[in-house]
Amino acid sequence: MRRCSSITTWRSSLAALAALAALAACGAGAPKFKGADITGADYGRDFALTDQNGRPRRLEDFRGKVVVLFFGYTHCPDVCPTTLAALAQAMRHLGPEASRVQVLFVTLDPQRDTQAVLVRYVSAFDARFLGLYGDEAATQRTAKDFKIFYQKQPGATPEGYSLDHSSQSYVFDTRGRLRLLERAQELDTALPHDVRVLLKETS
């Protein structure tokens, strides 16, 4: 099965975005985040999807909490389970403060990732995580709004396809503003620190 990864050009554009964000964060008074500070980004402002319990969801439903948003699919062989495991570890590191954080997993594969599949998948990592899905049009629209690349790769059978996709996570503050881009390989250490910085802003 093909690895679940972004294409090289997409990675390059994300690297450039992160570099610019890092330079911007060097200004006087900027929060000391470990992830890339993208405060003021003009994308990723909202979504309209359904959660694993059948409830319609928008970003405003989670006001008062720091929201971590990750896009993937349940048949992903590497990046998705690794990222969700790192997010679960970050929640454990946060201790009681984890009650003020909501992790959202948005599927890019609504054809196979049904409501029941999402329930089983996300709860295997942390019972507090929520899986979100939409129809194909909603999935494409949401991915575009959040600058998420994904592309189907044929498999040995019609149902055996894989998806190449972006692997970053986005972090929103308690007021629903997009603030951070976190790389998958740094989540377990960077996220607890960055969440605490965001929570202190509203304490």
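Below you will find a few notes about this structure. (Residues numbered from 1 in each chain as written. Predicted model: local features only at pLDDT ≥ 70, side-chain atom pairs only at ≥ 80, totals over all residues. Heavy atoms only, no water.)

### Some points on the side chain of Gln168
Rules: What counts as a helix is a DSSP run of H or I of at least four residues, what counts as a strand is a run of E of at least two, and both are numbered from the N terminus. Contacts described as polar in this section are N or O atom pairs within 3.5 Å, which, within protein, must combine one atom able to donate a hydrogen with one able to accept it, while residues neighboring in sequence count only if both atoms come from side chains.
Inspection of the secondary structure assignment puts Gln168 in the loop between strand 8 (162-165) and strand 9 (169-172). For Gln168, the side chain forms a polar contact with the side chain of Tyr170, separated by 3.1 Å.

### Re the sheet that holds strand 2 (residues 49-51)
To keep it simple, the criterion reads: Any two strands with at least two DSSP-identified bridges between them are counted as paired. Should any heavy atoms of two residues lie within 4.5 Å, those residues are considered in contact. Between N-to-C directions, angles cover 0 to 180 degrees, with each direction set by a line fitted to C-alpha atoms, over the stretch in contact for helices.
Strand order in the open sheet made by the eight strands is 1-10-9-4-5-6-2-3, with mixed pairing throughout. Looking at which strands have only one partner, the edges of the open sheet turn out to be strand 1 (36-37) and strand 3 (56-57). Against the sheet, helix 2 (residues 79-94) makes contact with strand 4 (66-72), strand 5 (101-107) and strand 9, and its axis sits at roughly 165 degrees relative to strand 4, the strand it touches most.

### Structural notes on the pattern of salt bridges
Definition in use: What counts as a salt bridge is simple: a side-chain nitrogen of Lys or Arg found within 4 Å of a carboxyl oxygen of Asp or Glu. Think of it in three bands: with a 1.4 Å probe and only protein chains considered, a residue is buried below 20% of the maximum accessible area for its type, exposed above 50%, and partly exposed in between.
Per the stated rule, a full pass over the model turns up nine salt bridges. Here Asp109 makes a salt bridge to Arg112, at a shortest N to O gap of 2.6 Å. The residues Asp109 and Arg112 share a single accessibility class, namely buried. Residues participating in the shared-partner salt-bridge network are Asp173, Arg177, Arg179 and Glu201.

### Some words on the packing of aromatic side chains
As a reminder, the rule being used: Pairing of aromatic rings covers Phe, Tyr and Trp, the last counted by its six-membered ring, and requires centre-to-centre distances within 6.5 Å; plane angles under 30 degrees mean stacked, over 60 mean edge-to-face, and any other angle means tilted. Cation placement over rings: the criterion is NZ of Lys or CZ of Arg within 6 Å of the ring centroid and within 35° of the ring normal.
The final tally for this structure, using the stated rule, is seven aromatic pairs. Ring plane angle 35 degrees and centroid distance 6.0 Å describe the contact between Phe70 and Phe105, whose orientation is recorded as tilted. Linking Phe70 in strand 4 with Phe105 in strand 5, this pair joins segments that are 35 residues apart in sequence. For the pair shown, Phe70 and Phe105 are each scored as buried. Taking the centre distance of 5.3 Å and the plane angle of 70 degrees together, the rings of Tyr121 and Phe125 count as edge-to-face. Look at Phe125 and you get partly exposed, because its relative accessible area is 21%. Among the aromatic residues, ring-to-ring pairing joins Tyr43, Phe71, Phe146, Tyr170 and Phe172 into one connected group. Directly above the ring of Tyr43 sits Lys147, whose terminal nitrogen or CZ lies 5.1 Å from the centroid. Looking at Lys152, its charged tip hangs above the ring of Tyr161, at a distance of 4.2 Å from the centre.

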